[in-house]
Amino acid sequence: ARITEDNLEQVVCLTEWPSAVLCSFERDFLAVPQEALIETMEINQKFFPVLDAAGKLTEYFIGTANIESRDVAEVRKGYERVIRPRFADARFFFDEDLKQGLVAMGEGLKTVTYQAKLGTVADKVARVATLAEAIAVQVGADPAQARRAAELGKNDLQSRMVNEFPELQGIAGRHYALAAGEPQEVALAIDEAYMPRFSGDAIAGSRLGQVLAIAERADTLAGGFAAGLKPTGNKDPFALRRNALGLARTLIESGFELSLKELLERAAQAIGPLPAGKDGATASADPAELYDFILDRLRGYYADKGVPAAHFNAVAELRPASLADFDTRIAAIGTFAALPEADALAAANKRIGNILKKADIAIPEATDPALFAEDAERALGEAVEAALAETDGPLRQHDYVRVLERLAQVRPQVDAFFDQVMVNAEDPAVRGNRLALLKRPADRFGAVAAIGLTACGGGGAG
C-alpha cells in the first residue's frame, strides 16, 4: 500500500474504529497515467493505492471503513462504485488530450497571460528555450533537446488533465510527449523541470531535466524582480523564494560548474527593461541583487546541513560565481576547521587583516629576503614561499582541502613571527616588507575563503 503521511493522518482523524477493506477496479483504467489515478484515490476518496514491487500501480486499493461491517462485500462494492466515475473522467480527459496532441496544445499559450508586464506564457517559453539551449552547451547536454523540451514544457497547461489535476503539471506533459513520439530524454525533462516540487524533494535526476529546471527558475526570478514582484514579508505571490532555493539546489547538487552570475545576467537581458510606472520610467532585474537573494536562501539550506554560519559567511564574502564551487569551498572549510591549527590560523588571519587595513604605506607586491632582519621572519618567508609553490596547482584544480591543509603547516612560523617580530618597524622599507610577507599567506587563504571570519568573534575588530 502507498501510505503518505498526509493521507494517513486524514484517515486516522476521520475514523474512530478504522477497518481496512481491500477493493479493486477494472485493469483497463491502468492505461491512464497512474499519477492521475493515485491523485483521485488519495485526495478525493482518502483511499490507499496498492503498488507492485516496482512501484507501479495495480488494480487494487484499500478503503477504510469506520466500523467492522458484517457485510464487507457491500462496503467494498460501495467503494468500487464511487471511484469508477472519477476514473472514467480521468480516462476521458487523457484520451481527449491524446487526440489533440501536445504540440497543438501549445498554440493556446499565446493567449494566456503569464504576468501583465512579462507577456504571455508563450513569451516565457521562448525565453526559457533560449536560456536552456545556452546552458546545455555549457554543461554538456544536447542543446537541441534542451530547446525542444523547453518549447513543449508548458504545453500541458492547456490539457484537460492538468485543468482537472493541477498537481500533474509536467507529469502529464511527460506522458503526452512520449505518446507523441518525442525522445525519452525530452519527455522526462518536461516532468523534471518542476523538481524540486516541495521542501525535501529531490532535484531533477537527468542532466536535461536539470538544465530545464535551471532555465525555468532563472527566468522566473529575473522576470519577477524586473516586474517589481520581489517578496516582502510573508508575501511572495510568484514563489520567488522557493524558485531561488530550487535553482541553487539544482546548481549545487548537479555539480554543474556554471557561473550563476552569468546565468542571471543572461536571464535579465532576455527580460529587458519593463515599464515601471505611469511616469514612463523602466525597471529591470539587477543580476547582483538576484545573486544576493539566492545567497540568502542558501543560508537556511546550509544551516539545515549543520554548517556553521561563520563558515557560510567566510565563503559568501568571496561571492563565488559558481554555486558548485561555493559548495566545494564550504566543505573544505569544514575539513580545515577540524585541524588542530585551524583556530589559531583563523585568528592569525583576522589579525593580519586588521594590520593590513591599518597600513599607512604602500605594501609591496613581493617580499625582499635581503630586508629580513630577524630569524623568525626569514623562517616565515621560506615557509610561505614553499606553501605557495605547493598550493598553486591544487588551487587551480579547486582542491581547496589540500590548499588549506598545506597552509595549516605554516602555523609554527606564523606564531613565531608574531612572538618575535615587530611588524611596524621604524624603517619604512622593513615595515613594508613585513606587511608584504604577511599579505602573501593571507591572500592564499583568502583565495579559498575569508578564513578570518571563522575565528572566535569572527565579525569583530580583533
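None of the values given here were measured: they were computed from a predicted structure.

Trainee: Before we move on, could you go through the overall build of the protein and cite the residues and values that matter?
Mentor: Counting secondary structure elements, the protein contains 20 helices and 7 strands. Against the compact-globule benchmark of 23 Å for 462 residues, the protein has a radius of gyration of 30 Å, which places it well outside the compact range. Burial analysis of the protein (462 residues in total) assigns 49% to the buried set. Partitioning the intrachain contacts of the protein with sequence separation of at least 6 by distance along the chain shows that 68% fall at a separation of at least 24. In the form shown here, the protein has an accessible surface area of approximately 22,100 Å², with 51% of it arising from carbon and sulfur atoms.

Trainee: A description of unusual backbone geometry should follow, citing residues and the corresponding values.
Mentor: The amide bond that connects methionine 195 to the next residue, proline 196, takes the cis arrangement and shows omega of -5°. Positionally, proline 196 belongs in the loop between α9 (184-192) and α10 (207-226). The residue histidine 398 is not glycine, and still its phi comes out positive at about 60°. Positionally, histidine 398 belongs in the loop between α17 (375-396) and α18 (400-408).

Trainee: Requested: an account of the pattern of salt bridges, with residues and values cited.
Mentor: Tallied over the full model, the rule gives 31 salt bridges. Between glutamate 59 and arginine 27 there is a salt bridge, with its nearest N and O atoms 2.9 Å apart. Separated by 32 residues along the polypeptide, glutamate 59 in strand β3 (residues 57-65) and arginine 27 in the loop between β1 (19-24) and α2 (34-44) bring together distant segments of the chain.

Trainee: Could you give an account of the sheet that holds β1, with specific residues and numbers?
Mentor: Read from one edge of the open sheet, 3 strands run β1-β3-β2, paired in antiparallel fashion. Each end of this open sheet is capped by a strand with a single partner; those strands are β1 and β2 (48-51). Here the average twist between neighbouring strands, direction ignored, is 30°. Here β1 pairs with β3 via 6 bridges, running antiparallel.

Trainee: Explain the side chain of glutamate 80 residue by residue, including any values.
Mentor: Mapped onto the fold, glutamate 80 is located in helix α3 (residues 72-100). On the basis of relative accessible area, glutamate 80 is assigned to the buried category, the value being 11%. From its side chain, glutamate 80 meets the backbone nitrogen of serine 24 in a polar contact 2.9 Å long. When residues no more than four places from it in sequence are discounted, the contact partners of glutamate 80 are Cys23, Ser24 and Phe61.

Trainee: Break down the packing of α10 against helix α12 (residues 260-271) for me, citing the residues and quoting the values.
Mentor: For the pair α10 and α12, the least separation of the axes is 9 Å and the interaxial angle reads 60°. The angle between the axes of α10 and α12 places the two elements in the oblique class. Of the two possible hands of crossing, α10 and α12 adopt the one that is right-handed. On α12, the residues that touch Ile214, Ala218, Asp219, Ala222, Gly223 and Ala226 of α10 are Leu263, Ala267, Ala268 and Ile271. When grouped by side-chain class, the residues that make up the contact of α10 with α12 number 8 nonpolar, 1 polar and 1 charged.

Calculation criteria
Residues numbered from 1 in each chain as written. Predicted model: local features only at pLDDT ≥ 70, side-chain atom pairs only at ≥ 80, totals over all residues. Heavy atoms only, no water. Helix = DSSP H or I, 4+ residues; strand = E, 2+ residues; numbered from the N terminus. Rg over C-alpha atoms; globule rule 2.2 N^0.38 Å. Buried < 20%, exposed > 50% of the residue type's maximum accessible area, 1.4 Å probe, protein only. Contact = heavy atoms within 4.5 Å. Areas by Shrake-Rupley, 256 points an atom, 1.4 Å probe, with all protein chains shown as cover. Salt bridge = Lys/Arg side-chain N within 4 Å of Asp/Glu carboxyl O. Pairing = 2+ DSSP bridges. Axes fitted to C-alpha atoms, helices over the stretch in contact; angles between N-to-C directions. Polar contact = N/O pair within 3.5 Å; in protein donor to acceptor, adjacent residues only side chain to side chain. Parallel < 35°, antiparallel > 145°, perpendicular 65-115°, else oblique. Left-handed = near helix turned anticlockwise from the far one by under 90°. Nonpolar A, V, L, I, M, F, W, Y, C, P; charged D, E, K, R; others polar.

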